[in-house]
Amino acid sequence: MRDRRVVVTGLGIISPLGVGIDDNWRRIVDGNSGIGPIDRFDAAGIASTIAGQADEFHAENYFSPKDTRKMDRFIQLGMATGMDAFADSGLEIDERNANRAGVYIGSGIGGVETIEKMALTYEQKGPRRISPFYVPMSIINMISGNLSIMYGLKGPNLSMVTACTTGTHAIGEAGRLIEYGDADVMIAGGAEAAITPTAMAGFSNAKALSTRNDAPEAASRPWDRGRDGFVMGEGAGVMVLEELEHARARGARIYAELAGFGMSADAYHMTSPSPGGEGAAQCMNNCMRNAGINPDEVGYINAHGTSTPQGDIAETMAVKSSFDDHAFELAVSSTKSMIGHLLGAAGGVEAVYTALALHHQILPPTINLHDPDPECDLDFVANAARDVEFDVALSNSFGFGGTNGTIALRRLT
């Protein structure tokens, strides 16, 4: 067990269901879908023409027009969410604590929209028309960099790029920085804005995306027999992590304790999970060991649950491997059924939902689960939220390249 305990004192979220924790939580509990037709560009010719667009986010509510032009959309989403999480925490930063506060926010892909636009500009108008802000407006560490500058955070200033596990890894590693004494406060999470022509075409041509274009709200259907791929989403999820006694000393509201963190690698395939979910199981086991909790203490798992044929079966098998008979006693749900897969932001967004689930003692549902795959036979909280008492939850993320991450959140009583 660790001497320095880490707690969650602030939350920020932007997703296809809205901006801020109140709207997001209400709509998640109600089982609303944020998936619809892509209207940001002409998607004709792309196999999947649906996505979870964060249409309620408006950059002008956070930034000046001049600053907005210097940031790719993923940076805008990440910064806005970090600003909301910081405000939610009630923290104040001054010369007394600036050196003990930092940022750790990543992205799986980064500024793909800016890269697309600049490539076209170069081709059509030549090199002199490329923006001088091209690099800083598209590189992944600029969310952390800009937030550090905005709030004067002089502690660790880091970023993470581990595909769809990015947000979870960033939160877990930020927690360890606090645990090991390198900081007392960290703003951590992930952001993504990859609903762009080339990204959508690439994932579609890889046969990764759902093509249920005529019924977008029903397209993301984890563990359902009719699932045919994931739905692209965008947004950001950010937590303020704080050393427990530091938080108590200032009277902070505490949503949950970040009790543990685990990682593993499938070492198997670039995009497919290892057979039987071996890597995912090892990741959950590592997390529970780090947290010092027994499998039968876990009441809920916010699953990776992408709605892909192979991935959902592998994760189901992983849960059975890690939890044995208790696998059939705990609840598992996928909030991706409502918002799609936010890639590098997924772990951050789902960590926020998991913290809120513990805080409110409500399990988010898995919507669109009407005909369960016989190989996916756990309690997936099908179609309706559930009031339940529980103290420990896991949040899973698994990414291309076989990289896995799990965090454990515990209710403080």
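Residues numbered from 1 in each chain as written. Predicted model: local features only at pLDDT ≥ 70, side-chain atom pairs only at ≥ 80, totals over all residues. Heavy atoms only, no water.

J.: Tell me about helix α7 (residues 197–205), residues and numbers included.
T.: All buried positions along α7 are accounted for by A199, M200, F203 and S204. End-on, the buried residues of α7 take up no more than an arc of 125°, which puts them together on one face. Elements in contact with the buried residues of α7: β4 (50–51) and α4 (112–125). (Buried < 20%, exposed > 50% of the residue type's maximum accessible area, 1.4 Å probe, protein only. Helix = DSSP H or I, 4+ residues; strand = E, 2+ residues; numbered from the N terminus. Arc of directions from axis to C-beta. Contact = heavy atoms within 4.5 Å.)

J.: How would you explain the pattern of salt bridges if you had to name every residue and give the values?
T.: Counted according to the given criterion, the structure contains 22 salt bridges. Here D94 ties to R96 by a salt bridge, and the two come within 2.5 Å at their closest N and O atoms. What makes D94 partly exposed here is its relative accessible area of 22%. Several salt bridges converge on common partners, so that one network encompasses R40, D55, R73 and E234. (Salt bridge = Lys/Arg side-chain N within 4 Å of Asp/Glu carboxyl O.)

J.: Any chance you could break down the packing of aromatic side chains for me, citing the residues and the numbers?
T.: Describing an aromatic ring pair means giving the distance of the ring centres and the angle of the ring planes. For the coordinates displayed, the defined rule picks out 7 aromatic pairs. When the ring of F203 is compared with that of F400, the centres are 6.3 Å apart and the planes differ by 45°; the resulting orientation is tilted. In this pair, F203 sits in helix α7 while F400 sits in the loop between β14 (392–399) and β15 (403–410), placing the two residues 197 residues apart along the sequence. Judged by relative accessible area, which is 14%, F203 ranks as buried. (Phe/Tyr/Trp six-rings, centres within 6.5 Å; stacked < 30°, edge-to-face > 60°.)

J.: Residue-level account of the packing of helix α3 (residues 73–89) against helix α5 (residues 142–151), with values.
T.: Two numbers describe how α3 lies on α5: the axes approach to 9 Å, and their chain directions differ by 40°. Viewed along their axes, α3 and α5 adopt a mutual orientation that is oblique. As for the relative orientation of α3 and α5, their crossing is right-handed in sense. Judged by residue contacts, F74, I75, G78, M79, G82, M83 and F86 of α3 engage M142, I143, N146, L147, M150 and Y151 from α5. Taken together, the residues of the contact of α3 with α5 sort by class into 10 nonpolar, 3 polar and no charged. (Axes fitted to C-alpha atoms, helices over the stretch in contact; angles between N-to-C directions. Parallel < 35°, antiparallel > 145°, perpendicular 65-115°, else oblique. Left-handed = near helix turned anticlockwise from the far one by under 90°. Nonpolar A, V, L, I, M, F, W, Y, C, P; charged D, E, K, R; others polar.)

J.: Explain the side chain of N302 residue by residue, including any values.
T.: As for its placement among the helices and strands, N302 is situated in strand β10 (residues 300–302). For N302, a relative accessible area of 0% puts it in the buried group. At 3.4 Å, the side chain of N302 forms a polar contact with the side chain of Y300. Once residues lying within four places of it in the same chain are set aside, the contact partners of N302 are S333, T335, E350, Y353, T354, L394, S395 and N396. (Polar contact = N/O pair within 3.5 Å; in protein donor to acceptor, adjacent residues only side chain to side chain.)

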